[in-house]
Amino acid sequence: MQLTVWTYEGPPHVGAMRVCTGMTDLHYVLHAPQGDTYADLLFTMIERRNARPPVTYTTFQARDLGSDTADLFQSAVRDAYERFKPAAMIVGASCTAELIQDDPGGLAKAAGLPIPVIPLDLPSYQKKENWGAAETFYRIVRSLAGPHAPAPGHVRPARAAGTRPSCNILGPTALGFRHRDDVREITALLDRMGIDVNVVAPMGASVADIARLGEADFSVVLYPEVAGTAAQWLKRTFGQPLVQTVPIGVGATREFIAEVAAITGVDATAVLADPASRLPWYSRSVDSTYLTGKRVFIFGDATHVLASARIATEELGFTVAGMGTYSREFAREVREAAARYGVEALISDDYLEVEEKIAAAHPELVLGTQMERHIAKRLGVPCAVISAPVHVQDFPARHSPQVGFEGANVIFDSWVHPLMMGLEEHLLGMFRDDFEFVDGASPSHLGHAPAKSEPHDIQVAPAIAEAVAGGSDAVAWSVEAEKELKKIPFFVRGKARRNTEAYAVEKSIPVITVEALYDAKAHFGR
């Protein structure tokens, strides 16, 4: 574990909470001290849920450590069953309770409850939240769907003629980035293709729903970080094909449709022919030519980073200046993608290292998590959020998916608008000292007297002038050149400053004037 002010993922029991909270009749008894109940706020405050997560904490205190904490846990299990009457229960320990080694699984089994009790072994000091969610979902699926598995060697029967194919949608959880809207969007897309949804899990699923996952003709792995392990088990056990293309972006959505059609044999021609997304035309229109070549830094969970890099390069004409993920389980996939884009992948969960890499890459747009939003704000760079962890504003009241053709529309707006707002901010800054914008200026249509320009000497900041006079390698900027530099959009101003200073050093120019600034611009523009 690492002591830090901010983290991309919580401990694995938070991942288990996300799975349990997404389901309808599952309860989680967590052996944890009183302070660990903070996790409830993630769902009620950030996701704005109207009910507390279905979690019972033992909330032991320091004085309880000298007594029987095992008895305290068993009492919590019995009380939770009597109060909430769940259809199944999962039990485990938080990172603090793990040190006590009370064996929650064995204690819950000894309680003799008349419902399935699924023990979780989540190593809090080696693994993190997404792994915890994936492991929890896998254990639930294996425990509840396992009894309905066919015998080894059983051949899956063909679908009855005239019946629509059915599928599972796997991976959406509570606290997921746009999971609620993604499920709605992908369900509608599948329905247009003539495919029914058997079960969406874990979000919205009941214990009985999990038990019938094997009835579907295939499964859609919408979020591999959560559903990958369980989906592979379903494939091995029930012979259930998997659709593993995540439909984020126009190109990926078309590939998703083609993959589903290949598995089911449905005719997807009409769905593919429908121009449901405006992203392709908007990105090709004349108003979007300024997007071409924009340098973008991408960081977040692996699924959204990989999809975003493809959209950025293939659908918007951006240049990937850097990319990375905090999902160490998917480091190989991200490294391979980064190599294709000519950059080195950053695999890290240290937000300070991420900030350092972003600053060094000098991007014109940052796509990341809530943390990258703060980093970009400090660096003065536009940013759009593409991945969890996110804050409350990224759980909008409106329908705002990331998947499918409508998701591509949302992505276009979300990514391009920060650049346009950056341009507006630049124009406001550029004309801030204009005679029509100062206090007391009369309306322009009434006429005005132009200000007289006075000759003046080149002014240099005293500290820099002193350094230059002392023979330092520092490059001085005249006051006029600094003012001219501010007319350059803020999201490329840093690059312009560095290029100009490099030009001044190369040409032995001690003080950068307005003329030198434009000479440098011409030099690097060749």
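Source: prediction; values computed, not measured.

Describe in detail the overall build of the chain, supporting the description with residues and values.
If you tally the helices and strands in the chain, you get 21 helices and 15 strands. The buried share of the chain, taken over its 526 residues, is 50%. A separation threshold of at least 6 residues defines the contact pool for the chain, and within that pool the share at least 24 residues apart is 71%. Of the roughly 25400 Å² of accessible surface on the chain, a fraction of 53% belongs to carbon and sulfur atoms.

Requested: an account of the packing of aromatic side chains, with residues and values cited.
For any pair of aromatic rings, the description rests on two quantities: the centre-to-centre distance and the angle between the ring planes. Scanning the model with the defined rule gives 4 aromatic pairs in all. Between Trp233 and Phe238 the ring centres are 6.0 Å apart and the planes differ by 75°, which places this aromatic pair in the edge-to-face class. Considered together, Trp233 and Phe238 belong to a single accessibility category, that of buried residues. Aromatic ring contacts, followed pair by pair, group Tyr8, Phe299 and Tyr326 into a single cluster. One residue, Arg497, lies across the ring of Trp477, its end atom 5.0 Å from the ring centre.

How would you summarise the side chain of Glu135 if you had to cite specific residues and measurements?
Structurally, the position occupied by Glu135 is in helix H6 (residues 129-145). Accessibility expressed as a relative area gives 15% for Glu135, which makes it buried. One polar contact links Glu135 to Arg139, side chain to side chain, over a distance of 2.8 Å.

Talk me through the confidence of the model for the chain; I want residue IDs and the actual numbers.
Overall, the prediction assigns the chain a mean pLDDT of 87, with 85% of residues at 70 or greater. Note that pLDDT drops below 50 for residues 443-456; the model gives that stretch 4 contacts with residues more than four away or on any other chain.

Any chance you could break down the environment of Glu329 for me, citing the residues and the numbers?
Its location among the elements puts Glu329 in the loop between strand S10 (319-325) and helix H14 (331-340). Sequence spacing of Glu329 and Asn130 is 199 residues, and the spatial spacing of their C-alpha atoms is 9.3 Å.

Talk me through the pairing of strand S3 (residues 88-93); I want residue IDs and the actual numbers.
For a regular strand, the rule is simple: side chains alternate between the two faces of the sheet. The buried count for S3 comes to 6 of 6 residues, which makes it a mostly enclosed element. Neither face of S3 is open: one carries Ala88, Ile90 and Gly92, the other Met89, Val91 and Ala93, and all of them are buried. Here strand S1 (residues 26-31) runs beside S3; their pairing, made up of 6 bridges, is parallel. Bridge assignment links His31 to a residue of S3, and that residue is Ala93. Sheet topology note: the S3/strand S4 (residues 117-119) ladder contains 3 bridges and is parallel. Counted as the bridge partner of Ile90 is Ile118 from S4.

Give me the lowdown on the sheet that holds strand S13 (residues 383-385), citing residues and values where you can.
A sheet is described by the order of its strands in space; here 5 strands give the open sequence S11-S10-S9-S12-S13, paired in parallel fashion. Single-partner strands in this sheet number two, and they are strand S11 (346-347) and S13. Looking at chain direction, strand S12 (residues 365-368) and S13 are connected through 3 bridges and run parallel. Within S13, the residue paired with Gly368 across the bridge is Val385.

How would you sum up the pattern of salt bridges? Please name residues and give values.
Pairing is possible between side chains that carry opposite charge, provided their charged atoms lie close to one another. Under the defined criterion, the tally for this structure stands at 21 salt bridges. A salt bridge links Asp349 to Lys128; its shortest N-O distance comes to 2.4 Å. One end of the pair, Asp349, is in the loop between S11 and helix H15 (351-361); the other, Lys128, is in the loop between S4 and H6, and 221 residues separate them in sequence. Residue classification places Asp349 among the buried positions, given a relative accessible area of 16%. When the shortest N-O distance is used, the salt bridge between Asp209 and Arg212 registers 3.1 Å. Residue classification places Asp209 among the buried positions, given a relative accessible area of 19%.

So, the sheet that holds strand S6 (residues 196-201): which residues are in play, and what are the values?
The strand order S6-S5-S7-S8 describes an open sheet built from 4 strands, whose pairing is parallel. For this open sheet the edge positions go to S6 and strand S8 (242-243), each flanked by a neighbour on one side alone. Bridge analysis of strand S5 (residues 166-170) against S6 gives 5 bridges, and the strand direction is parallel. Across the sheet, residue Leu170 finds its bridge partner in S6, namely Ala201. Across the sheet, helix H7 (residues 179-192) touches S5 and S6, and the angle it forms with S5 is around 165°.

Provide a residue-level description of unusual backbone geometry, including the pertinent values.
Here the bond from Ala201 into Pro202 is cis, since omega is 0°, no more than 30 degrees from zero. Position of Pro202 among the secondary structure elements: in the loop between S6 and helix H8 (207-211). That bond from Ala388 to Pro389 is cis: its omega, 5°, falls within 30 degrees of zero. The residue Pro389 is located in the loop between S13 and helix H17 (404-430) in this model. Of note in this structure, Ser508 is not a glycine but carries a positive phi near 60°. Mapped onto the elements, Ser508 comes out in the loop between helix H20 (490-506) and strand S15 (511-512).

Kindly report on the nonpolar core, identifying the contributing residues and their values.
Judged by nonpolar contacts, the single largest core of 59 residues is most densely connected at Met193, Phe256, Ile298, Phe318, Met323 and Trp415. Counting residues per element, this core draws most heavily on H17, which supplies 7 residues. Beyond its immediate chain neighbours, meaning those up to four positions away, Trp415 contacts Ser308, Ile311, Ala312, Leu316, Phe318, Leu365, Leu367, Ala384 and Ile386. Ranked by size, the runner-up nonpolar core spans 49 residues in total, among them Ala32, Tyr57, Phe137 and Leu144.

Thresholds applied
Residues numbered from 1 in each chain as written. Predicted model: local features only at pLDDT ≥ 70, side-chain atom pairs only at ≥ 80, totals over all residues. Heavy atoms only, no water. Helix = DSSP H or I, 4+ residues; strand = E, 2+ residues; numbered from the N terminus. Buried < 20%, exposed > 50% of the residue type's maximum accessible area, 1.4 Å probe, protein only. Contact = heavy atoms within 4.5 Å. Areas by Shrake-Rupley, 256 points an atom, 1.4 Å probe, with all protein chains shown as cover. Phe/Tyr/Trp six-rings, centres within 6.5 Å; stacked < 30°, edge-to-face > 60°. Lys NZ or Arg CZ within 6 Å of the ring centre and 35° of its normal. Polar contact = N/O pair within 3.5 Å; in protein donor to acceptor, adjacent residues only side chain to side chain. pLDDT = per-residue confidence, 0-100. Pairing = 2+ DSSP bridges. Salt bridge = Lys/Arg side-chain N within 4 Å of Asp/Glu carboxyl O. Axes fitted to C-alpha atoms, helices over the stretch in contact; angles between N-to-C directions. Core = buried A, V, L, I, M, F, W, Y, C linked by side-chain atoms within 4.5 Å.

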